[in-house]
Amino acid sequence: MKLIDANSLIVLILGLIDPTQISKNKRTSIYSEKDFLKLLHVIHSLDELITIPNVWTEVDNLLNRGGYLKYDYIMQLKALMNNTQERYLGSDVALSRDEFWNLGLTDTLLLELSKECDLLITSDSDLSDFAYANGIVVYDMIKERNKDFN
Amino acid sequence: MSITNTHNIDLKKLFLIAKDHIIDFLNTGDYQPDLRLEEAKFNEEEGVWDLVISYLLKNENILDNAELSPLNIALGQRKFERIYKKVKIDKEGKLMGLFMYNK
């Protein structure tokens, strides 16, 4: 299974709606259509994708706004939720981990679940640093994107 | 030539301007601090680019050979820490300021 975080999921959703929207969103401003296509390649198949309810909540808080994209957003959200997997981890799991102090609730839960997954897809440098330190295989979208800048 | 909004080319140019200043400021020698561009948005109100840059630094408050105590860990201290900074660059590519940034 491939575990995905909120920002990467936002890139995926915006890309599925309209790739030109990716660079217009503050949270995904450094990415382009090329990064979306690379992400699709990494995901390979939606049924391999898993996330946690906290991630869907973060995504929805950021994308469920008014405007002309709302309908497309809801449609893509439904399609993704129907075709991917979701795992619930109680907040107490995060509270019991030392990483909670640095990563907060959602990312600590992602770090924990990533230990059972084949790949963690993230666009959060802090989460990526901690995942690497824990020997987790990471597709780090920010690291990939920054290859174009160096 | 002013930096406007041709996304990919501009981001690289902006990142390199910020990187040059931050590397100079950090003075890390041979250590590569994994400098990254995290966000980049043109601030219409101020007419400047707002960039968020991160880098990974050794925590100088922790001794080289010291193991982290449970108290260090409980306080979120790590041997390395990622620092985030906001950088403002004008349309002409001049760095206007480097600011503290809380993610």
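The numbering scheme is per chain: residues are counted from 1 as the chain's sequence reads. Here chains are named by letter from A upward and ligands by number from 1 upward, in the order in which they appear as written. Local features in this predicted model are restricted to residues of pLDDT 70 or higher, and side-chain atom pairs are both shown and tallied only at a pLDDT of 80 or more, whereas totals for entire chains, interfaces and linings draw on every residue. Only heavy atoms go into the side-chain values, all of them from the structure, while hydrogens and water stay out.

**Student:** For this particular structure, what's the right way to read the side chain of N54 of chain A?
**Tutor:** In this fold, N54 of chain A is placed in helix α3 (residues 53–63). Residues in contact with N54 of chain A, not counting those within four places in the same chain, are L105, T106 and L109 of chain A. Going along the chain from the N terminus, every DSSP run of H or I of four or more residues is numbered as a helix, and every run of E of two or more is numbered as a strand. Residue contacts are counted whenever heavy atoms from the two residues lie within 4.5 Å of one another.

**Student:** How should I be thinking about the packing of helix α1 (residues 6–17) of chain A against α3 of chain A in this particular structure?
**Tutor:** Two quantities define a packed helix pair, namely the angle between the helix axes and the distance between the axes. All names here are of chain A. Axis angles are defined between N-to-C directions and span 0 to 180 degrees, where every axis is a line fitted to C-alpha atoms and, for a helix, only to the segment in contact. Here α1 crosses α3 at 55°, and the two axes come no closer than 9 Å. Considering the angle they form, α1 stands oblique to α3. Handedness of the crossing formed by α1 with α3: right-handed. Taken together, the residues of α3 that come into contact with α1 (itself represented by A6, L9, I10, I13 and L14) are V55, W56, E58, V59, L62 and L63. Ten residues, namely Ala, Val, Leu, Ile, Met, Phe, Trp, Tyr, Cys and Pro, are considered nonpolar, four, namely Asp, Glu, Lys and Arg, are considered charged, and the remaining ones, Gly among them, are considered polar. Grouping the amino acids of the contact of α1 with α3 by side-chain chemistry returns 10 nonpolar, no polar and 1 charged. For classification purposes, an angle smaller than 35 degrees is called roughly parallel, one larger than 145 roughly antiparallel, one from 65 to 115 roughly perpendicular, and anything else oblique. Here a crossing is called left-handed whenever its near helix is offset anticlockwise from the far helix by less than a right angle, and right-handed whenever the offset is clockwise.

**Student:** What should I look at first to understand the interface of chain B and chain A in this one?
**Tutor:** Buried accessible area, meaning the area lost when the parts come together, often serves as the stated size of an interface. Listed by partner, the interface residues are 25 residues for chain B and 26 residues for chain A. When chain B packs against chain A, the two sides together hide about 2100 Å² of surface, and 44% of this comes from carbon and sulfur. For salt bridges, the criterion is a side-chain nitrogen of Lys or Arg within 4 Å of an Asp or Glu carboxyl oxygen. At the junction of chain B and chain A, the tally comes to 5 salt bridges. Across the salt bridge formed by E39 of chain B and K26 of chain A, the nearest N and O atoms sit 3.2 Å from each other. In protein, a polar contact requires one atom able to donate a hydrogen and another able to accept it; more generally it is a pair of N or O atoms within 3.5 Å, and residues adjacent in sequence count only if both atoms are side-chain atoms. Remark: the boundary between chain B and chain A carries 14 residue pairs in polar contact (both at pLDDT 80 or more). Of all the secondary structure elements, the ones that give two or more residues to the side of chain B that touches chain A are α1 (7–26), β1 (36–43), β2 (48–58), α2 (70–74) and β3 (80–90) of chain B. Here the quantity called buried area is the accessible surface, traced with a 1.4 Å probe, that two parts lose on coming together, added over both.

**Student:** Before we go on, may I ask you to explain the sheet that holds β2 of chain B in this structure?
**Tutor:** Picture the strands of a sheet paired through backbone hydrogen bonds; they go either parallel or antiparallel. Taken in spatial order, the 4 strands make up an open sheet running β1-β2-β3-β4 (chain B), and their pairing is antiparallel. Either end of the sheet is taken by a strand with one partner, and the two such strands are β1 and β4 (95–100) of chain B. Averaged over all pairs of adjacent strands, the angle between strand axes in this sheet comes to 25°, irrespective of strand direction. Relative to the sheet, helix α7 (residues 125–133) of chain A contacts β1, β2 and β3 of chain B, its axis offset from that of β3 of chain B by approximately 150°. When DSSP finds at least two bridges between two strands, those strands are taken to pair.

**Student:** Teacher, can you tell me more about the sheet that holds strand β3 (residues 85–86) of chain A here?
**Tutor:** Residues and elements named next belong to chain A. Reading across from one edge, β3-β2-β1-β4-β5 is the order of the 5 strands in this open sheet, with parallel pairing throughout. Two strands bound the open sheet, and with one partner strand each, they are β3 and β5 (138–140). Direction of pairing for strand β1 (residues 2–4) relative to strand β2 (residues 49–51): parallel, over a ladder of 2 bridges. Note that in β2 the partner of L3 across the bridge is I50. Here helix α6 (residues 100–114) sits on the sheet in contact with β1, β2 and β4 (119–122), set at roughly 175° to β1. Sitting on the sheet, α7 is in contact with β4 and β5, with an inclination near 155° to β5.

None of the figures reported here should be taken as evidence of function without further support.
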